[in-house]
Amino acid sequence: MSEMTAKKVIILGFGPGFEEYPRDYEGEIWGLNMAAVYCDRLDRLFMADRIEEKTSIRDGFYKIGDKKIPIDLEKYKQIIINRDIPFVSCHPYPEIPKYEAYPLKEIVESFGSDYFANCIAYMIAYAIYKEVKEIEIWGVKQGLLTEYVFHKGSVEFWLGIAVGRNIDIKIVGDSHLLRTSTWELYGYKQKYRNIIKS
């Protein structure tokens, strides 16, 4: 298992604004899935699915702008190895030297829940388990219909566990996390900032 000394983490999704994350961040920067090809600074990579199940691997390319760059399973594993970063996965990849099995049993036993609907939820739970003091969320919108219906609740559940443990949460950019669908408070029918102004 790769030791973690930082007490602050940025968790990167691929939603709007993720590219603007601060490269000079004092803590660790965690990405998921294809982040090893998209993110120039990355301190830990997470993958809940098998690598071969990712769309880019199945399609044989990933895109940067309009450019298609060939990729396959072996090339991606080699990129992870070459980057020399911890790779936390739900599936075994012993050929990757810094592979770490996701500590599912330990986390579920620690927090009493197995509510994991996406990789971001696994990452937040892992951060709580590692006793970080601050989590910044970049590029995690959770506003599309499938995200909103199937994933948002799980991510918000783990953010709630973090808040309950006095972990500072910062959600950066265009995100629907910890917000209603209209951003208005029920009953008031206004955004909070408008309520406190009146």
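Please refer to the structure placed before this passage.
Thresholds, definitions, all that
- Residues numbered from 1 in each chain as written.
- Predicted model: local features only at pLDDT ≥ 70, side-chain atom pairs only at ≥ 80, totals over all residues.
- Heavy atoms only, no water.
- Helix = DSSP H or I, 4+ residues; strand = E, 2+ residues; numbered from the N terminus.
- Rg over C-alpha atoms; globule rule 2.2 N^0.38 Å.
- Buried < 20%, exposed > 50% of the residue type's maximum accessible area, 1.4 Å probe, protein only.
- Contact = heavy atoms within 4.5 Å.
- Areas by Shrake-Rupley, 256 points an atom, 1.4 Å probe, with all protein chains shown as cover.
- Lys, Arg positive; Asp, Glu negative; His and termini not counted.
- Charge placed at Lys NZ, Arg CZ, Asp CG, Glu CD.
- Salt bridge = Lys/Arg side-chain N within 4 Å of Asp/Glu carboxyl O.
- Core = buried A, V, L, I, M, F, W, Y, C linked by side-chain atoms within 4.5 Å.
- Patch = residues over 30% accessible without salt bridge, like charges linked within 9 Å, V, L, I, M, F, W, Y side chains within 5 Å.
- Pairing = 2+ DSSP bridges.
- Axes fitted to C-alpha atoms, helices over the stretch in contact; angles between N-to-C directions.
- Parallel < 35°, antiparallel > 145°, perpendicular 65-115°, else oblique.

Our focus in this paragraph is the overall build of the protein. A count of helices and strands for the protein gives seven helices and nine strands. Taken against the 2.2 N^0.38 rule, which gives 16 Å for 198 residues, the C-alpha radius of gyration of the protein at 17 Å falls within 12% of a compact globule. Its C-alpha atoms give the protein principal-axis dimensions of roughly 60 × 40 × 30 Å. Here the protein holds 198 residues, and 45% of them are scored as buried. Relative to all contacts within the protein whose residues are 6 or more apart in sequence, the contacts with residues 24 or more apart total 53%. For the protein, the accessible surface area stands at approximately 10700 Å², while carbon and sulfur atoms represent 51% of it. Here the protein contributes 27 positive and 29 negative side-chain charges, whose respective centroids are spaced 4 Å apart.

Structurally, Glu-19 can be placed in the loop between strand 1 (8-12) and strand 2 (28-32). Separated by 120 residues in sequence, Glu-19 and Gly-139 place their C-alpha atoms 8.0 Å apart.

Tallied over the entire structure, the rule returns twelve salt bridges. For the salt bridge of Glu-26 with Lys-8, the shortest nitrogen-to-oxygen distance reads 3.2 Å. Taken together, the positions of Glu-26 in the loop between strand 1 and strand 2 and Lys-8 in strand 1 put the pair 18 residues apart, joining distant regions of the chain. Classification of Glu-26 by relative accessible area gives exposed; the value is 70%. Of the residues examined, Lys-8 reaches a relative accessible area of 24% and is grouped as partly exposed. In this structure, the salt-bridge partner of Lys-8 is Glu-134, at a minimum N-O distance of 3.9 Å. Of this pair, Lys-8 sits in strand 1 while Glu-134 is found in strand 8 (residues 134-138), placing the two residues 126 residues apart along the sequence. Because the salt bridges share partners, they merge into one network encompassing Lys-8, Glu-26, Glu-134 and Lys-170.

Moving on: the nonpolar core. Residues Ile-11, Trp-30, Ile-124, Ile-135 and Trp-158 are the most contacted members of the largest nonpolar core, which totals 32 residues. Contributing elements (two or more residues each) for this core: strand 1, strand 2, helix 4 (104-111), helix 5 (119-129), strand 8 and helix 6 (145-164). Per-element tally for this core: the top contributor is helix 5, with ten residues. Residue contacts for Ile-135: discarding those within four places in its chain leaves Val-9, Ile-11, Ile-124, Ala-127, Ala-162, Ile-167, Asp-168, Ile-169 and Lys-170. Core analysis: the next-biggest nonpolar cluster, separate from the first, contains 26 residues, Met-47, Tyr-62, Tyr-93 and Trp-138 among them.

Our focus in this paragraph is a nonpolar patch on the surface. Together, Leu-185, Tyr-188, Tyr-192 and Ile-196 give the surface a local cluster of nonpolar side chains, amounting to about 440 Å² of exposed area. When its relative accessible area of 51% is taken as the criterion, Tyr-192 is described as exposed.

The next thing to look at is the pairing of strand 1. In terms of burial, strand 1 is a largely internal element, four of the five residues being buried. Relative to strand 8, strand 1 runs parallel, the two being bridged by five bridges. The residue of strand 8 that forms the bridge with Leu-12 is Trp-138. Sheet topology note: the strand 1/strand 2 ladder contains three bridges and is parallel. Directly across from Ile-11, in strand 2, lies its bridge partner Trp-30.

With that settled, the discussion passes to the packing of helix 4 against helix 5. Two elements in contact, helix 4 and helix 5, have axes separated by 10 Å at closest approach and are oriented at 70 degrees. Comparing their axes, helix 5 and helix 4 come out roughly perpendicular. Taken together, the residues of helix 5 that come into contact with helix 4 (itself represented by Leu-104, Glu-106, Ile-107, Ser-110 and Phe-111) are Tyr-122, Ala-125, Tyr-126, Ile-128 and Tyr-129.

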